[in-house]
Amino acid sequence: MSFFQGLWAFVAGDARAERTVPPSGYSVWLVVFAAAAMTFLAVFVSALSQTTARVADLWSQELSRASTLRITADPDAMEAQVAAALKVLDTTPGIASVQVMTLAEQAALLEPWLGPDVPLELLNVPAMIDVVEDENGFDGAGLRARLAAEVPGAVYDDHTTWRAPLVRAAGQLRVTAALALVLILGALAAMVALAAQAALAANAQVISVLRLVGARDVYIARAFVRRFTLRTFAGAAVGAVVGMIVVALLPNDATSGGFLTAIGFQGLGWIMPVILPFVAGVIAFAATRAAALRMLRQQA
Amino acid sequence: MIELENVSFSYGGAEILSDVSLSLRPGSFHFLTGPSGAGKTTLLKLCYAALTPTQGTVRAFEAETATMDRDTLALTRRRVGVVHQDCQFLDHLTLSDNINLPLTVAGLEGDYAQNLADLMNWVGLRDQADQFPPSLSGGERQRAALARAVIMSPDVVLADEPTGNVDWEMSQRLVKLLVELNKMGKAILVCTHDLNLIRAAKALAPTRVLRLKGGKLISAGADL
């Protein structure tokens, strides 16, 4: 029998064999509820995990080739300092582009902290120059040295000091999300196993009769395993669908220059919540079978 | 087919059976008597490996029951039909499903489909096929238990007080059923207090009567 034939036989079941075990009562519905709730949480954790991965990639890739030159000078000397800095940058190999930020762009950057309509022209704010390196990169230490000599008011910032902890934090968040996912699925396995054991204990008399007439342990276990696996799958499917709907309805605010990304799934990432019910089914199968066979051995 | 060799069985420090030897061969018919608590049911359970002896050896179909793996144990039980005093039915299944249960668990329903109909007629329960066990009388339940015990045509039939809950007329019918099975070559072992049952069976077939006393198994044929 091939794997798929075996799977189909398991899903289709044997109605007569199935009836040898009486309905499991409310414990089965607890399993359905637990599976739905756990899968719902797992969908959220998966969304969080994928989001942090995207954020980490964004921060790693987009900022790794960008740097900023901040020039502080008297208003009278500012224009000359900026011109000197641009000259240095123009003659530095490995720089793809430079762009002096306008007052409007600076105002937009400061708006979250200072509010709109800030009269920047009245304030002596530093000039900002965005620098993007080409694929070969440039010598940061050399640039710093030249700037120190030729543009004393310039401060070169390659974002390393704040980018690295953010990327590290995103990585840690991702690991934590993966751990949470493992814990959620582990808790689901434990709940299903406990419910299966409760059902087996409640059916001790049925098991005794089945043994009397020559039922093998796998036969007795099968009825419980199939029941709990299918109900877990059904509950997990409901939880996954609800989870996907809720995640899809979350605010999709990808503003702020792409630093923030929508929390949720993108592209192939949607495969994860789709496969979660199947993962839950496999976990329920393994947990119920192991619990049932262990308990049947102990009851002998 | 089933042999007990110098078997002892203790429970909670009390010795229930002591140095018991018994051989159930094809076509043999044994009655086992003794007072309540003498160990009749224990001996029966040892025969179908529901218990393992604390000393001695129980062999079923040439294999020692104490060392059988669990699958072999299940397959062995399919060759031994057991009638319990309390019948042990699954109350959520109909009578016909209960009688058919050994075939269901063995996956052999198709191969023995005619057996069920024949058996329901044989034990006179054709009209009760769709009823549930709690709605049946004691005699009907005992006959159904016997039908379930023999539906797979086992080599050995073990019955524990099969007439405990039935009237004399029904006892006679059960005895005739057991004798018919014995004449088919089945080994029969019946635990009972009912001396009239034993006498009735002796009139129909050669039987051997054993008594459990103080944990020992002794021949009691001369008493009857």
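Here the residue numbering is sequential within each chain, running from 1 through the sequence in written order. Think of it this way: whatever chain is written first is A, whatever ligand is written first is 1, and the rest follow in order. At least 70 in pLDDT is required for a residue's local features to be given in this predicted model, at least 80 for side-chain atom pairs to be given and counted, and no such filter applies to totals for whole chains, interfaces and linings, which use all residues. Heavy atoms throughout the structure, all of them, feed into the side-chain values; hydrogens and water do not.

Engineer: Would you mind showing me how to read the overall build of chain B here?
Structural biologist: A tally of regular secondary structure across chain B gives seven helices and 10 strands. Radius of gyration (C-alpha) of chain B: 17 Å, near the 17 Å computed for a compact globule of 224 residues. For the C-alpha atoms alone, the extent of chain B along its principal axes is close to 45 × 40 × 30 Å. Buried residues are those whose accessible area, probed at 1.4 Å on protein chains only, stays under 20% of the maximum for their type, while exposed residues exceed 50% and partly exposed ones sit between those limits. Within chain B, buried positions represent 55% of all 224 residues. Long-range pairs, those at least 24 residues apart, make up 71% of the contacts in chain B with a sequence separation of at least 6. A 1.4 Å probe and the Shrake-Rupley method give the accessible areas. Residues count as covered only by the protein chains that appear here. Here chain B has roughly 9400 Å² of accessible surface; of this, 47% comes from carbon and sulfur atoms. The positive count covers Lys and Arg only, the negative count covers Asp and Glu only, and His and the chain ends enter neither. Think of each charge as sitting on NZ of Lys, CZ of Arg, CG of Asp or CD of Glu. One way to put it: in chain B the 22 positive side-chain charges average out to a point 6 Å from where the 25 negative ones average out. Here a helix means four or more residues in a row that DSSP labels H or I, a strand means two or more in a row labelled E, and each is numbered from the N terminus. Using C-alpha atoms as the atom set, the radius of gyration is obtained and then compared with a globule rule of 2.2 Å times the number of residues to the power 0.38. Here, two residues are considered to be in contact whenever any of their heavy atoms come within 4.5 Å of each other.

Engineer: Could you clarify how one ought to interpret the overall build of chain A in this entry?
Structural biologist: In terms of helices and strands, chain A carries 10 helices and four strands. When the helices and strands of chain A are read in sequence order from the N terminus, they spell out α-α-α-β-α-β-α-β-α-β-α-α-α-α. For chain A, the C-alpha radius of gyration of 31 Å lies well beyond 19 Å, the compact-globule estimate for 300 residues. With respect to the three principal axes, the spread of C-alpha positions in chain A is 100 × 40 × 30 Å.

Engineer: Teacher, can you tell me more about the sheet that holds strand S6 (residues 80–83) of chain B here?
Structural biologist: Two strands in a sheet stick together by hydrogen bonds in their backbones, pointing the same way (parallel) or opposite ways (antiparallel). Residues and elements named next belong to chain B. Strand pairing requires that DSSP identify at least two bridges connecting the strands. Taken together, the six strands give an open sheet; going across it, the order is S6-S7-S8-S3-S9-S10, and neighbouring strands pair in mixed fashion. Since the sheet does not close on itself, it has two edges, and those belong to S6 and strand S10 (216–219), each with one partner. Between one strand and the next, the sheet's axes are offset by a mean angle of 20°, whatever the strand orientation. Of the pairings in the sheet, the one linking strand S9 (residues 208–213) to S10 comprises four bridges and is antiparallel in character. Residue pairing for S10: Leu212 is matched across the bridge by Leu217. Helix axes are fitted only over the stretch in contact, all axes being lines through C-alpha atoms; the angle between N-to-C directions runs from 0 to 180 degrees. Its contacts with the sheet place helix H5 (residues 138–150) against S6 and strand S7 (156–160), and it is angled at close to 170° to S6.

Engineer: I'm lost on the interface of chain A and chain B in this one. Help?
Structural biologist: It is common to give the size of an interface as the accessible area that goes away when the parts come together. Between chain A and chain B, the contact holds 22 residues from the first and 21 residues from the second. For the pair chain A and chain B, the summed buried area comes to about 1900 Å², and 57% of that belongs to carbon and sulfur atoms. Any carboxyl oxygen of Asp or Glu within 4 Å of a side-chain nitrogen of Lys or Arg constitutes a salt bridge here. Run the count over chain A and chain B and you get two salt bridges. Any N or O atom pair separated by 3.5 Å or less is treated as a polar contact, with the protein-specific requirement of one donor-capable and one acceptor-capable atom, and with residues adjacent in sequence counted only for side-chain atom pairs. Taken together, the connections running from chain A to chain B amount to five residue pairs in polar contact (both at pLDDT 80 or more). Only helix H2 (15–19), helix H8 (204–212), helix H9 (217–248) and helix H10 (271–299) of chain A provide two or more residues apiece to the side of chain A that touches chain B. In terms of residue class, the side of chain A that touches chain B is built from 12 nonpolar, four polar and six charged. When two components associate, each loses some accessible surface as probed by a 1.4 Å sphere; the sum of these losses over both components is called the buried area. By the convention adopted, Pro, Cys, Tyr, Trp, Phe, Met, Ile, Leu, Val and Ala count as nonpolar, Lys, Arg, Asp and Glu as charged, and the other residues, Gly among them, as polar.

Engineer: Looking at this model, I keep getting lost on the packing of aromatic side chains. Mind explaining?
Structural biologist: Here a ring pair, both rings aromatic, is described through the centre-centre distance and the interplanar angle of the planes. Residue and element names in this part refer to chain A. Stacked, edge-to-face and tilted labels apply to pairs of Phe, Tyr and Trp rings (six-membered ring for Trp) whose centres lie within 6.5 Å, assigned for plane angles under 30 degrees, over 60, and everything in between, in that order. The tally for this structure, following the rule as stated, stands at five aromatic pairs over all chains. When the centroid spacing of 5.2 Å and the interplanar angle of 65° are considered together, the rings of Phe40 and Phe44 count as edge-to-face. One end of the pair is Phe40 and the other is Phe44, both in helix H3 (residues 26–64) and four residues apart, which spans about a single turn. Where Phe233 meets Phe278, the ring centres are 5.1 Å apart and the plane angle is 55°; that geometry is what we call tilted. Placement of the pair is Phe233 in helix H9 and Phe278 in helix H10, with a sequence separation of 45 residues. In this structure, Arg231 is placed above the aromatic ring of Trp29, and the distance from its NZ or CZ to the ring centre is 5.8 Å. Consider the ring centre and the ring normal. A charge sits over the ring if Lys NZ or Arg CZ is within 6 Å of that centre and within 35 degrees of that normal.

Engineer: Looking at this model, I keep getting lost on the pairing of strand S2 (residues 14–24) of chain B. Mind explaining?
Structural biologist: As a general feature of sheets, a regular strand has side chains that alternate between the two faces. Here strand S1 (residues 2–11) of chain B runs beside S2(B); their pairing, made up of seven bridges, is antiparallel. The residue bridging B:Ile2 from the neighbouring strand is B:Leu24, located in S2(B).

Engineer: Got a minute to help me understand H8(A) in this structure?
Structural biologist: In an α-helix there are 3.6 residues to a turn, and that puts residues three or four apart on one side. All buried positions along H8(A) are accounted for by A:Val206, A:Ile207, A:Val209, A:Leu210, A:Arg211 and A:Leu212. Of the residues one or two after H8(A), A:Gly214 is the one with positive phi, at around 95°.

Engineer: Help me understand the packing of helix H7 (residues 160–202) of chain A against H9(A) in this model?
Structural biologist: Axes are the key here: two packed helices are described by the angle between their axes and the distance separating the axes. Residue and element names in this part refer to chain A. Here H7 crosses H9 at 140°, and the two axes come no closer than 11 Å. Relative to H9, the element H7 is oriented oblique. In this structure, H7 meets H9 at a crossing whose hand is right-handed. Counted together, Leu188, Val192, Ala195, Ala196, Ala199 and Leu200 of H7 and Phe224, Phe228 and Thr232 of H9 form the full contact between these two elements. Per-class residue counts for the contact of H7 with H9 are eight nonpolar, one polar and no charged. These descriptions rest on fixed angle ranges, namely under 35 degrees for roughly parallel, over 145 for roughly antiparallel, 65 to 115 for roughly perpendicular, and the rest for oblique. Should the near helix be turned anticlockwise from the far one by less than a right angle, the crossing is termed left-handed; should it be turned clockwise, right-handed.

Engineer: Would you take a moment to explain the domain arrangement of chain A for this structure?
Structural biologist: Domain extents, as shown, originate in an automatic or database domain assignment. Assigned domains of chain A: these are domain 1 (3–60 + 166–299) and domain 2 (73–152). Just the C-alpha atoms count here: the centres of domain 1 of chain A and domain 2 of chain A sit 54 Å apart.

Engineer: What is the right way to look at the pattern of salt bridges in this model?
Structural biologist: Note that side chains of opposite charge can pair when their charged atoms are close. Per the counting criterion, the structure on display carries six salt bridges over all chains. Across the pair A:Arg146 and A:Glu150 runs a salt bridge whose closest N-O atoms are separated by 3.9 Å. With A:Arg146 and A:Glu150 both in helix H6 (residues 140–150) and four residues apart, this pair spans about one turn of that helix. Of the residues examined, A:Arg146 reaches a relative accessible area of 29% and is grouped as partly exposed. A:Glu150 sits in the partly exposed class, given a relative accessible area of 44%. A salt bridge links B:Asp71 to A:Arg216; the nearest nitrogen and oxygen atoms lie 3.2 Å apart. One end of the pair, B:Asp71, is in helix H2 (residues 70–77); the other, A:Arg216, is in the loop between H8 and H9, on a second chain. Connected via shared salt-bridge partners are A:Arg211, A:Asp217 and B:Arg70.

Engineer: Would you explain unusual backbone geometry in this entry?
Structural biologist: With the exception of glycine, most residues fall at negative phi, and the peptide bonds are largely trans. All names here are of chain B. Although it is not a glycine, Asp19 sits at a positive phi angle of roughly 55°. Along the chain, Asp19 falls in strand S2. The phi torsion at Glu161 lies on the positive side, around 45°, for a residue other than glycine. For Glu161, the location among the structural elements is in the loop between S7 and helix H6 (168–183).

Engineer: Can you walk me through the nonpolar core in this structure?
Structural biologist: Side chains of nonpolar character tend, in soluble globular proteins, to be buried together. To qualify as a nonpolar core, a set must consist of buried Ala, Val, Leu, Ile, Met, Phe, Trp, Tyr and Cys residues joined through side-chain atoms within 4.5 Å. One finds A:Leu200, A:Leu210, A:Ile220, A:Phe224, A:Phe228, B:Leu90 and B:Leu101 to be the most contacted residues of the largest nonpolar core, which totals 48 residues. Secondary-structure elements contributing two or more residues to this core are H3, H7, H8, H9 and H10 of chain A together with helix H3 (95–106) of chain B. Take this core: its biggest share by element is 10 residues, from H9(A). Core analysis: the next-biggest nonpolar cluster, separate from the first, contains 43 residues, B:Leu95, B:Met152, B:Met170 and B:Ala200 among them.

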